[in-house]
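# An overview of the molecular structure
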Amino acid sequence: MQDNINSALWLPAKGAAFIAGPAPYTAPQRQEVVVRTRAVALNPFDRHVQTIGALACPWLTYPMVVGHDVAGDVVEVGEAVTRFKPGDRVLGLAGGVDKGRNRSAEGAFQTHVVLLEHMMTHLPSGLSYEQASVLPLGLSTAACALFQDDVLALARPQLAPQRRDETVIVWGGSTSVGLNAIQLAVAAGYEVLTTCSPANFGLVRALGARHAFDYRSDTVVSDLTSALGKSRCVGAVAIGTGSAPSCLDAVVAAGGRRAVAVITPPTSFDGIPVGRGRLRKLLPVLTNNAIGILKLKWRAYRLGVAAPFVWGTSLIHNQVGPMIFQDYLPGALAHGAFKPSPACQVAGHGLEAIPAAMAVHAAGVSAVKLVVTL
Ligand SMILES: NC(=O)c1ccc[n+]([C@@H]2O[C@H](COP(=O)([O-])OP(=O)(O)OC[C@H]3O[C@@H](n4cnc5c(N)ncnc54)[C@H](OP(=O)(O)O)[C@@H]3O)[C@@H](O)[C@H]2O)c1
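Reading the values: rules and limits
Residues numbered from 1 in each chain as written. Predicted model: local features only at pLDDT ≥ 70, side-chain atom pairs only at ≥ 80, totals over all residues. Heavy atoms only, no water. Disulfide = S-S within 2.5 Å. Domains from an automatic or database assignment. Contact = heavy atoms within 4.5 Å. Buried area = accessible area lost by both parts, 1.4 Å probe. Salt bridge = Lys/Arg side-chain N within 4 Å of Asp/Glu carboxyl O. Polar contact = N/O pair within 3.5 Å; in protein donor to acceptor, adjacent residues only side chain to side chain. Helix = DSSP H or I, 4+ residues; strand = E, 2+ residues; numbered from the N terminus. Nonpolar A, V, L, I, M, F, W, Y, C, P; charged D, E, K, R; others polar. Core = buried A, V, L, I, M, F, W, Y, C linked by side-chain atoms within 4.5 Å. Buried < 20%, exposed > 50% of the residue type's maximum accessible area, 1.4 Å probe, protein only. Pairing = 2+ DSSP bridges. Axes fitted to C-alpha atoms, helices over the stretch in contact; angles between N-to-C directions. Expected span 1.5 Å × (residues − 1). Phe/Tyr/Trp six-rings, centres within 6.5 Å; stacked < 30°, edge-to-face > 60°.

A few words on the state of the cysteines. Within the structure shown, the criterion is met by zero disulfides. The structure places no disulfide on C57, whose sulfur is separated from the nearest cysteine sulfur, that of C144, by 15 Å. Here C233 is not cross-linked by a disulfide; its sulfur's nearest cysteine counterpart is in C247, at 9.2 Å.

Quick look at the structure:
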C-alpha cells in the first residue's frame, strides 16, 4: 500500500490551459515502475499536444497529463519487474500520449509517473537528474528513425562498433533529436554528415559527426554529397522545418540508398496560440501542412525515395525500445560513450513553472533543452 501523494500538470480538455493540481497515485502493473519525478525536459511536441492535440492525437482522452522526458527515483515496481528496485536513480520515456498507451498516469508532468520497465535506464552516479532528463524523447525519436524496420533499419548501436564505409546524413544535427541521431549512428558504426548553424559545428563534431554544413547555405546539398567521397549513403534523417525536400535531393544526388526518415512535418506548428485566435492561425497552417505532405509524398514517389514519417514513441511497441533503453544505453552512459545531449538549461522548479518554460521554448532554443525540476 503506497501513501505517496501525486500532483500533476493537467491538460483539462482539448486546447485548454494547463492547470496544476492533485492527481491519483497509480500503482504499477506487472512490468511498470512508479518514479518520483525529479526533472522533466520540454519538447516541441509537448506544446503541440495542447495546441493541435485534437488533430495530431485524436485518441487522447481528457483530462490528460502530457510530457515525455523523466528522470527521478524509483518508488514502487510491478511484480514482474527485475531491472529496478525502489531508490534507483533512473531516466525513462513517459508514453502517456502515445496511441497505444493513452493514459494520464504515464504523462511526464507529474510527481509520481508510471513508466514501462523496458523504456527506462539507470543513471550512472555522476549524471544529474536535470542532464539525464534531456534524453528520452530525443533519443527515442532518433532511434525510431535509424533502427526501426519500417524506417532506415540500420545496424544496431554497440559499445565497440565495427566501422563501416557507409554514411548517414543527419539534417538538423544540433536539435535534440539530431544530437542523439549523430551519436547513435556513430555507435552503430556509420559515418555522419550533418547540418546546423555554424555556431554548433564544434558541438556536432565533438559528438562524432565527420563534417557539418550550414543548412541555410545555397550549396548545402552539394556540400553534403561532395563530402561523402566514396562512402555509400544509407539514408538521411530530416529534422527541422523544410528539411525533408532537401534530404530527398541529397540522397538522390548521393547515389546510394534512397531513404529519408521524416521527423518534422512540412509546416511549423509553433506559432499557434492557446485560446483566442487559435482557429484563425490554425487553419492556414493545417492547409499548408496538408499541401506540403502531398507534395513531399508525390516528389518522393517520383524520385523513388522511401520517406516514412517517424512517430517518436513507436519504439515502445517494437524491438527498438529494449534495444536502446535496456541493451545499449546503460553501458554507454556508464562508460561515458554516450553524452546526454543537448545541454540542459533549468527553466524553473515545480509543475507551475512548466507552462512559462513552454513559452520560452516556443520562442526558440539552440542546442539546449529546457528542464524543470520537481
Ligand atoms: N516525429 C516525431 O515524433 C518528433 C519527435 C520529437 C521531435 N520532433 C520534431 O523534431 C524537430 C526537432 O525537435 P527537437 O526537440 O530536437 O528540437 P529542438 O532541439 O528544440 O530544436 C532546436 C534546434 O533546431 C534547429 N533548427 C531550427 N530550424 C531548423 C531547420 N529549418 N533545419 C534544421 N535545424 C533547425 C536549431 O539549430 P541551430 O541553432 O543550429 O540553427 C536548434 O538547435 C522539431 O520539428 C520537432 O517537432 C518530431
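Next, the rest of the story.
Moving on, we get to the domain arrangement of the chain. Per the domain assignment, the segments of the chain are domain 1 (6-134 + 342-373) and domain 2 (139-303). A C-alpha centroid distance of 26 Å is found between domain 1 and domain 2. Counting residues at the interface gives 16 residues for domain 1 and 15 residues for domain 2. Here domain 1 and domain 2 share an interface that buries about 1200 Å² over both sides, 58% of which is from carbon and sulfur atoms. Joining domain 1 to domain 2, the criterion identifies one salt bridge. At the junction of domain 1 with domain 2, the criterion picks out five residue pairs in polar contact (both at pLDDT 80 or more). A per-element tally of the side of domain 1 that touches domain 2 places helix α1 (residues 44-56) first, with six residues. When grouped by side-chain class, the residues that make up the side of domain 1 that touches domain 2 number nine nonpolar, five polar and two charged.

What follows deals with the nonpolar core. Formed by 62 residues in total, the largest nonpolar core has its most connected members in L91, L146, F147, V168, L184, I324 and F325. Setting aside its immediate chain neighbours within four residues, F147 contacts A153, L154, A155, R156, P157, L184, A188, Q319, V320, M323 and I324.

Inspection of the entire model under this criterion finds 14 salt bridges. The salt bridge involving E32 is made with R101; its shortest N-O contact spans 3.4 Å. You can see E32 sitting in strand β3 (residues 32-41) and its partner R101 sitting in the loop between β5 (89-93) and β6 (112-116), a full 69 residues away along the chain. For R101, a relative accessible area of 26% gives the class partly exposed. Residues participating in the shared-partner salt-bridge network are E32, R101, R103 and E106.

As a further point, take the pairing of β6. On a regular strand, one side chain projects to one face of the sheet and the next to the other, so that they alternate. By the criterion of burial, β6 is predominantly enclosed, with five of the five residues buried. Alignment of β3 against β6, held across five bridges, turns out to be antiparallel. Bridging from a neighbouring strand, V35 pairs with V113 of β6.

Turning our attention to the sheet that holds strand β8 (residues 166-171). Ordered in space as β10-β9-β8-β11-β12, the five strands form an open sheet in which the pairing is parallel. Where the open sheet ends on each side, the last strands, each with one partner, are β10 (211-214) and β12 (260-262). Within this sheet the neighbouring strands show an average axis-to-axis angle of 15 degrees, counted without direction. Across five bridges, the pairing between β8 and strand β9 (residues 191-196) is parallel. The residue bridging I169 from the neighbouring strand is L193, located in β9.

So, on to helix α8 (residues 278-303). Compared with the 38 Å implied by 1.5 Å per residue over 26 residues, the 37 Å span of α8 between its first and last C-alpha is a close match. Looking only at α8, the buried set comprises R278, L282, V285, N289, G292, L296 and A300. Tucked into the core, α8 has its buried residues touching α1, α7 (243-254) and β12.

As enumerated under the stated definition, the model contains four aromatic pairs in all. Taken together, a centroid distance of 6.0 Å and an interplanar angle of 85 degrees make the contact between Y328 and F338 edge-to-face. Of this pair, Y328 sits in helix α9 (residues 320-334) while F338 sits in the loop between α9 and β13 (343-349), placing them 10 residues apart in sequence. F338 carries the same exposure label as Y328, and that label is buried. Aromatic rings pair up to connect F45, W59 and W311 into one cluster.

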